[in-house]
Each structure stands twice: as structure tokens, then as C-alpha cells.
Amino acid sequence: MVSTVNVLAVLGVLLAIPHLYRIASFVWLYVLRPTTIKEYLHGPKGGAYAIVTGATDGIGKATAAELLRNGFNLILHGRNEAKMQKVVEELRARVPEKRDADVRYFMADAAQGGHDFEKMIEPFKDLHITLVYHNVGGGDTVGLRLDERTEENVHHMVNKNALFPLFLNRALLPYLRRNARSGPVLVQFFGSLAGDIAPPRLAVYAATKGFLESLTRGLDNDELFFDGPTGVRYSYLAVGAVNSENHEAPMAVSLSTPSSETYAQCIVKRTGCGRRRVAPYAVHAVMQYFLQDVLGDGVIDKASASEMRTLIARTRKGE
């Protein structure tokens, strides 16, 4: 006869398996797994290109620098040409003399509608693009409710965070599929923890990030399972707090808030890890686990409201 102790022991092991698997998966991804970024350096003699949108500040600029360091040519996007030219000069100055690196750019205000995306990418369609980082986006901490915002403000936020990356991706896809014939191609959308917890005063911003996560899954399924695989894959980056000079109320660097440079290194290390959703920074992954699987919605909602009050106060003080 099977004893109660034995039954409980078996149940304990069965219940522990998912948690043990999660721990093992975490250790593999953030400690043991070697970077696979070099797998995207394929194609013709001219070399592989990476597109980074929102590349004149913060995470975008730091990611561009890290990709350049790893051997990629760059196509950068921004909306301020003077800042962009300065960034391009800084990046070109970092290229070793023995290396012939190409750094190009295009200008567009992502908050505005009505772009001709085919014309926008025309100068780059014959280049061998293997990585796309849809980094452009952002919310605000001015503390306005939805009905206190102008229609223009709402349109700008939706355009910048959701529609610009959507339609830019649409224009790029035929060329990305062509380039995938010689090796893997990856498109990454930059998300936000706000998309998971929807803090007060950030409802529209959070919704755009939720849109990107759903878009990532749908597009990845399209390229992988429907008349595929085509070789083009998609990933959603779950971004937490990062110190960046272009934020309205920049947070100090800490264990939970890495610098843009540190975060960019993590992005490149996780590129190609095979997960549709990944938190590039290990501490953010732990925080998101507790937010999603341990704490209840009530605790999270109260905590996010408190944090938003602090950020709004800091923004207004800065004004």
C-alpha cells in the first residue's frame, strides 16, 4: 500500500518541476548561454546591416554603438538631424582603422502620420539588413488623464509607439525575407513593463505596448507557420526602468535601473535567444516574475499608482 508520505512526496516533486525548470531556464539565459549575435553577420561581402529606430538618445544610441562594436553596419533613425549627424560622427570615430564600417541614417518624426514608408526605405532596400530594433517610442509623466489630453497628443502617442513601427515593418518585410535566404533575420519591438501593469495616467502608452506584444506573436506565427518558415523571426523586449538622458525625470543608475550602455549590452547578448518575449536585463526578469506570478493585481495597482505620483511630482518639479 502506498503511504500518504509517498503520495505527498510525489506531489511535491510534480509541483516543484515547473519552478525548477524556470530556475534552470533563467540560469541558462542570463548566466550560461553564449551570445549568438554573430549569427546575424551573414550575407554579401559588404556586410550585414542593423536598423535601430530612435537612435539619437538613450537605449537606441547605446544599442547602435554596441552593434557597431560587434561588426554590424548601421542604419539609424531619428527626427533631429543635427543630433543625428553628431551621433553618426561619434559612432564612425569608434570604428577601428582596419575596419570599413558603414553608418547611414534616415529622418522621420514617428509621432506624425502620413509617412511614405516605401520612399523612406528606398535608399536601403538593396542592403543586407538582418536585424531591426524598433526602439522609437515613449510616454510621458505629465500626469494627465485621458480626457485631459488633446486628440493630437493621443494620436502622436499611438503613432510613435504603435503605428510607426507597424508600417515601417510592413515596408521592410519583403527585403527581410529576401535577406533571410542566407541566414537568420530578427525583428525586435521594444516593449515596456507598463504594458503588463498599465499604471494610472499611462493607459494609452501601456495599450500601445500591449499592441506590440500581440503584434510580435502574430507576425512571428505568420513567418514561422503559415507558408513558412521564411527565416524572419520576431521578438518582444520587455523593458523595465533604464537610466536615459532623454527621459523627463531620469532615474539614477541602480541595481534595478541600469545605464543605457549596460542595457544595450544585455539587448545584444539576448538577441537570437529564441524567445518571443524576453527581458534583456536579468533583474527586470526577476521583477516581472514577481509582478506577474506572485503579487496580486491589487498590490501591483496600488504600488504603480504610488510610483506614478513620485514620477509626476519629479517631472513637475523639473518644469
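Details of the structure are given in the entry above.
Sequence order as written defines residue numbering, which begins from 1 separately in each chain. Residue-level local features of this predicted model are given only where pLDDT is at least 70; pairs of side-chain atoms are given and counted only at 80 or more, and the full residue set underlies all totals for whole chains, interfaces and linings. Side-chain descriptors were evaluated using all non-hydrogen atoms of the structure, hydrogens and water having been removed beforehand.

A. Region of interest: the overall build of the chain. We count a stretch as a helix when DSSP gives it H or I for four or more residues in a row; a strand needs E for two or more, and each element gets its number in order from the N terminus. Scanning the chain for helices and strands turns up 10 helices and seven strands. Against the globule reference of 20 Å for 319 residues, the chain gives a C-alpha radius of gyration of 21 Å, in line with a compact fold. Each of the three principal axes of the chain carries a C-alpha extent, and together these read 75 × 50 × 40 Å. Only protein chains enter the area calculation, which uses a 1.4 Å probe; residues under 20% of their type maximum are buried, those over 50% are exposed, and those in between are partly exposed. In the chain, which comprises 319 residues, the proportion classed as buried is 45%. Summarising the internal contacts of the chain: among those between residues at least 6 apart in sequence, 75% fall at separations of at least 24. Accessible area for the chain stands at about 16900 Å²; split by element, carbon and sulfur atoms hold 57% of it. Using C-alpha atoms as the atom set, the radius of gyration is obtained and then compared with a globule rule of 2.2 Å times the number of residues to the power 0.38. When checking whether two residues touch, look at their non-hydrogen atoms; a contact exists if any pair is within 4.5 Å. Reported accessibility uses the Shrake-Rupley method at a 1.4 Å probe radius. Residues are deemed covered only where the shown protein chains occlude them.

B. Focus on the packing of aromatic side chains. Note on aromatic contacts: the rings of Phe and Tyr and the six-membered ring of Trp form a pair at centre separations within 6.5 Å, being stacked when their planes are under 30 degrees apart, edge-to-face when over 60 apart, and tilted otherwise. Per the stated rule, a full pass over the model turns up six aromatic pairs. Ring centres of Phe-106 and Phe-124 lie 5.7 Å apart, and the angle between their planes is 50°; on these two criteria the pair is classed as tilted. In this pair, Phe-106 sits in strand β3 (residues 103–107) while Phe-124 sits in the loop between α4 (117–121) and β4 (129–134), placing the two residues 18 residues apart along the sequence. Overall, Phe-106 belongs to the buried group, its relative accessible area being 7%. Members of the aromatic cluster, each reached through a chain of ring pairs, are Phe-117, Phe-164 and Phe-167.

C. Just the side chain of Asp-220, in detail. Locating Asp-220 in the fold gives a position in helix α7 (residues 203–225). If near-sequence neighbours (up to four positions away) are discounted, Asp-220 is found in contact with Val-232, Arg-233, Tyr-234 and Arg-276.

D. Up close: the sheet that holds strand β7 (residues 277–278). Taken in spatial order, the seven strands make up an open sheet running β3-β2-β1-β4-β5-β6-β7, and their pairing is parallel. Looking at strand neighbours, the two that pair on one side only are β3 and β7, the edges of this open sheet. In this sheet, strand β2 (residues 73–78) lies alongside strand β1 (residues 49–52) in parallel orientation, the contact comprising four bridges. From the neighbouring strand, Ala-50 faces β2, where its bridge partner is Leu-74. Structural elements are reduced to axes, namely lines fitted to C-alpha atoms, with helices fitted over the stretch in contact, and the angle between N-to-C directions of any two is expressed from 0 to 180 degrees. Against the sheet, helix α5 (residues 151–179) contacts β1, β2, β3, β4, β5 (185–190) and β6 (232–237), and its axis sits at roughly 165° relative to β4. Any two strands are treated as partners once DSSP identifies two or more bridges connecting them.

E. Summary view of the nonpolar core. Within the largest apolar cluster, 69 residues are counted, with the highest numbers of intra-cluster contacts made by Leu-67, Leu-74, Leu-76 and Leu-131. Once residues lying within four places of it in the same chain are set aside, the contact partners of Leu-74 are Tyr-49, Ala-50, Ala-64, Leu-67, Leu-68, Leu-91, Asp-102, Val-103 and Arg-104. For the purposes of this section, nonpolar cores are sets of buried Ala, Val, Leu, Ile, Met, Phe, Trp, Tyr and Cys residues that join through side-chain atoms within 4.5 Å. Core analysis: the next-biggest nonpolar cluster, separate from the first, contains five residues, Ala-194, Val-204, Tyr-205 and Ala-206 among them.

F. Fine view of the pattern of salt bridges. What counts as a salt bridge is simple: a side-chain nitrogen of Lys or Arg found within 4 Å of a carboxyl oxygen of Asp or Glu. Summed over the entire model, instances satisfying the criterion amount to 11 salt bridges. Across the salt bridge formed by Asp-102 and Arg-104, the nearest N and O atoms sit 2.5 Å from each other. For Arg-104, a relative accessible area of 31% corresponds to the partly exposed category. A salt bridge links Arg-277 to Asp-196; the nearest nitrogen and oxygen atoms lie 2.6 Å apart. Of this pair, Arg-277 sits in strand β7 while Asp-196 sits in helix α6 (residues 194–197); the two residues are 81 residues apart in sequence, bridging distant segments of the chain. Residue Arg-277 is classed as partly exposed on the basis of its relative accessible area, which comes to 24%. Via salt bridges that share partners, Asp-196, Glu-213 and Arg-277 belong to a single interconnected network.

G. Examining the pairing of β1 more closely. Here β1 shows no split at all, with Tyr-49 and Ile-51 on one side and Ala-50 and Val-52 on the other all buried. By convention, orient the strands away from the viewer: a clockwise path from the first strand over the helix to the second makes the crossover right-handed. In this view, the connection linking β1 to its parallel neighbour β2 by way of helix α2 (residues 58–69) has right-handed handedness. As paired elements, β1 and β4 share four bridges and run parallel to each other. Its bridge partner lying in β4, Ile-51 is registered against Val-132.

H. Broad picture of a positive patch on the surface. A grouping of Arg-145, Arg-201, Arg-309 and Arg-316 is seen on the molecular surface, where their side chains present a positively charged patch. Looking at the secondary structure, you find Arg-309 in helix α10 (residues 297–318). Among the residues examined, Arg-309 registers a relative accessible area of 60% and is labelled exposed. Like charges within 9 Å and nonpolar side chains (Val, Leu, Ile, Met, Phe, Trp, Tyr) within 5 Å are joined into patches, using only residues over 30% in relative accessible area that form no salt bridge. In this count, Lys and Arg are taken as positive residues and Asp and Glu as negative ones, while His and the chain termini are left out. Every charge is mapped to an atom, namely NZ of Lys, CZ of Arg, CG of Asp or CD of Glu.

I. Representation of helix α9 (residues 282–294). Taking 1.5 Å of rise per residue, 13 residues should cover 18 Å, and α9 covers 17 Å from first to last C-alpha, within 8% of that figure. His-284, Ala-285 and Gln-288 are the residues of α9 that are buried. All buried residues of α9 fall inside an arc of 100° around its axis, so they share one side. In this analysis, the expected span of each helix is defined as 1.5 Å times one less than the number of residues it contains. The directions from the helix axis to the C-beta atoms are what the arc is built from.

J. The packing of α5 against α7, seen in detail. Contact geometry of α5 with α7 gives a least axis separation of 9 Å together with a crossing angle of 15°. The angle between the axes of α5 and α7 places the two elements in the roughly parallel class. For the crossing formed where α5 meets α7, the hand is right-handed. Taken together, the residues of α7 that come into contact with α5 (itself represented by Val-154, Met-157, Val-158, Asn-161, Ala-162, Pro-165, Leu-166, Asn-169, Leu-173 and Arg-177) are Val-204, Tyr-205, Thr-208, Lys-209, Phe-211, Leu-212, Leu-215, Leu-219 and Glu-223. Residue polarity follows a fixed list, in which Ala, Val, Leu, Ile, Met, Phe, Trp, Tyr, Cys and Pro are nonpolar, Asp, Glu, Lys and Arg are charged, and the others, Gly among them, are polar. The residue inventory of the contact of α5 with α7, partitioned by class, reads 13 nonpolar, three polar and three charged. For classification purposes, an angle smaller than 35 degrees is called roughly parallel, one larger than 145 roughly antiparallel, one from 65 to 115 roughly perpendicular, and anything else oblique. Helix crossings fall into two classes, left-handed where the near helix is turned counterclockwise from the far one by less than a right angle and right-handed where it is turned clockwise.

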